[in-house]
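Below, each chain spelled out in residue letters.
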Amino acid sequence: MFPADVRPLGTRAVRVRVASGTVEALRAALAAEPLPGQRELIAGGDSVTVFFDDAGAAAGERRLRAMTPPQAQRTDGPLVEIDVVYDGEDLADVAEQLGTDPDGVVRMHTERSWHVGFLGFAPGFAYLRSAEPGPTIARRAAPRVRVPAGSVGLAGDYSAVYPRTSPGGWQLIGRTDAALWSLDRDPPALLVPGTRVRFTAVRGRVSVPASVAPAAPPPRPERGLVIREPGMQSLIEDLGRPGRAGIGVTRSGAADRGALRLANRLVGNPDGAAGIENAGGGIELVAAGEQVLAVTGADVPLVVESPDGHWRTVERGRPFGLDDGDLLEVGPASAGLRVVIAVRGGIDAPAVLGSRSTDTLAHLGPPPIAAGDVLAVGRAPRAAVGAPVPVPTVPAPGVPAVLAVVPGPDADLFPDAAWQHLLDAAWEVTPNSDRVGVRLTGPPLARADGEVQSQAMIPGAIQVPHSGEPVVFLVDHPTTGGYPVLAVVAERHLDRLAQLPLGAPVRFVRDEA
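Just so we're clear, the structure is a prediction, and the values are computed from it rather than from any experiment.

Tallied over the full model, the rule gives 25 salt bridges. The salt bridge partner of arginine 144 is glutamate 89, with a shortest N-O separation of 3.4 Å. Of this pair, arginine 144 sits in strand β8 (residues 144–147) while glutamate 89 sits in the loop between β5 (79–84) and α3 (91–98), and the two are 55 residues apart along the sequence. Using a relative accessible area of 13% as the deciding quantity, one classes arginine 144 as buried. Classification of glutamate 89 by relative accessible area gives exposed; the value is 63%. For arginine 435, the salt bridge is made with glutamate 237, and the minimal N-O distance between the two is 3.2 Å. Of this pair, arginine 435 sits in the loop between β26 (427–429) and β27 (437–441) while glutamate 237 sits in strand β15 (residues 232–237); the two residues are 198 residues apart in sequence, bridging distant segments of the chain.

Let us look at the sheet that holds strand β4 (residues 47–52). Strand order across the open sheet formed by four strands is β1-β2-β4-β3, with antiparallel pairing between neighbours. One side of each edge strand has no neighbouring strand; the edge strands of this open sheet are β1 (5–9) and β3 (38–43). On average, each strand axis in the sheet is inclined to that of its neighbour by 20°, with strand direction left out of account. In this sheet, β4 lies alongside β3 in antiparallel orientation, the contact comprising five bridges.

So, about the domain arrangement of the chain. Along its sequence, the chain is organised into domain 1 (5–66), domain 2 (83–201), domain 3 (224–376) and domain 4 (401–510). A separation of 36 Å is found between the C-alpha centroids of domain 1 and domain 3.

Attention shifts here to the packing of aromatic side chains. Under the counting rule described, the total for this entry stands at ten aromatic pairs. Ring plane angle 75° and centroid distance 5.0 Å describe the contact between phenylalanine 121 and phenylalanine 125, whose orientation is recorded as edge-to-face. Given the relative accessible area of 31%, phenylalanine 121 is considered partly exposed. Ring centres of phenylalanine 125 and tryptophan 170 lie 5.5 Å apart, and the angle between their planes is 85°; on these two criteria the pair is classed as edge-to-face. Taken together, the positions of phenylalanine 125 in the loop between β6 (114–119) and β7 (126–130) and tryptophan 170 in the loop between β11 (166–168) and β12 (171–175) put the pair 45 residues apart, joining distant regions of the chain. Summarising the burial analysis for this pair, phenylalanine 125 and tryptophan 170 share the class buried. Aromatic ring contacts, followed pair by pair, group Phe118, Phe121, Phe125, Tyr127, Tyr158, Tyr162 and Trp170 into a single cluster.

What counts as what
- Residues numbered from 1 in each chain as written.
- Predicted model: local features only at pLDDT ≥ 70, side-chain atom pairs only at ≥ 80, totals over all residues.
- Heavy atoms only, no water.
- Salt bridge = Lys/Arg side-chain N within 4 Å of Asp/Glu carboxyl O.
- Helix = DSSP H or I, 4+ residues; strand = E, 2+ residues; numbered from the N terminus.
- Buried < 20%, exposed > 50% of the residue type's maximum accessible area, 1.4 Å probe, protein only.
- Pairing = 2+ DSSP bridges.
- Axes fitted to C-alpha atoms, helices over the stretch in contact; angles between N-to-C directions.
- Domains from an automatic or database assignment.
- Phe/Tyr/Trp six-rings, centres within 6.5 Å; stacked < 30°, edge-to-face > 60°.

Here it is, written out as structure tokens:
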């Protein structure tokens with residue numbers, strides 16, 4: 001039997017916590033011999049989380065509990081050598097922590113053999129472990145807002161290289177020009193679990209970028225949608241890119257997946273065709289050529305104006321046609337947050353890692369929609385348009401949205417009263433919420449001392465940071481997180497979660513389904 005913790009994470013994933021030295025062995029064993037229904041693996045600091053299909057999680061949990069404990073094994077993956085210029089802003093501070101000088105830090109970093117334990121935080125961000133015991137490096141007291149791509153850092157027992165510019169609280173000791181992430185490579189991540197890494201100190205060099213002629217603008221499509229006003233955070237979204245969490249890429253895709261599926265069915269598209277997701281309404285678009293559209297999601301008024309000035313109203317949940325030059329005006333949302341617009345044929349944007357979705361955290365997929373953009377539309381499917389249907393209701397303003405939750409894998413790390421506190425308290429959505437997560441304010445939850453190691457996250461996971469105010473992850477969440485998970489929102493309520501506007505009241509209830 002496992003000497004450690006085997007616990008569900010929502011309804012489709014099971015987290016297995018083991019001794020940190022055996023994480024790689026467990027991940028490798030499950031990758032070599034997948035369990036029935038196994039879909040994906042995410043390693044963490046002291047855990048491996050196994051994702052299953054709809055029917056496999058319960059049986060998978062039983063099988064994991066019955067497995068023989070893994071034995072630590074020597075990592076023998078491919079070796080990647082990374083040249084580093086050791087001139088980081090925190091090099092002297094790290095030397096002081098270790099009671100040595102900067103040269104001593106460089107020797108410590110270059111003489112050790114590192115290997116990739118897991119990826120998280122951002123695409124291609126690899127947490128590197130060393131087989132040799134070493135010092136624990138404290139993170140910065142205040143994270144930097146901007147850490148340049150290629151920065152080499154230390155934190156805790158780990159080393160890492162930032163694949164792209166991002167915020168971060170690691171101690172920076174150097175920089176490299178190694179390309180950690182490239183969509184021209186398969187896989188895009190240079191460092192994947194099991195890879196061995198050796199750092200080499202080099203002198204500073206000056207890189208002269210090659211002269212590249214500006215790309216010609218893409219030809220204007222004969223059929224498409226011309227954006228006159230983008231509104232707030234208008235994005236191209238489909239059903240996302242599952243199966244890539246092992247390289248630090250989450251599924252992403254439409255925040256309200258049910259709204260996208262419904263809109264696509266209404267115009268005769270496959271469920272996963274790319275559409276437009278807009279926050280709060282206010283988007284205006286003009287048809288280039290005849291188009292068939294449908295709008296779902298948040299409750300918004302819809303007006304169509306023809307080039308000669310005549311106008312008509314159209315309804316959510318009902319397909320409608322636009323003639324060439326017709327203008328669709330989407331008014332402000334009166335209930336809900338996210339508006340979904342589908343067009344017959346789907347938005348024909350370039351696919352990145354198998355999806356046309358914009359991932360706002362990973363910076364993958366098309367850029368946000370801007371005024372003047374012309375969105376190409378694909379070939380119309382042979383399927384007929386769908387019959388009008390009632391659009392699922394979204395929470396009315398001022399009425400608390402009720403979200404069903406199940407206990408999270410870290411629930412027992414909290415004081416006994418924390419779970420009931422989560423259910424009894426009145427919470428409110430803060431302005432800091434986005435597609436990464438819904439941040440709530442209310443009476444702070446009590447927390448246990450200490451932290452958990454980075455572990456896999458899913459949409460609906462409710463993390464509790466030091467403030468005691470919950471953060472509920474949405475579709476652009478990081479693959480791993482380092483705060484304890486008290487609860488997980490039931491999957492059937494994730495679309496409801498995605499429709500919560502700023503200031504919306506929220507109540508949690510225990511899921512009895």
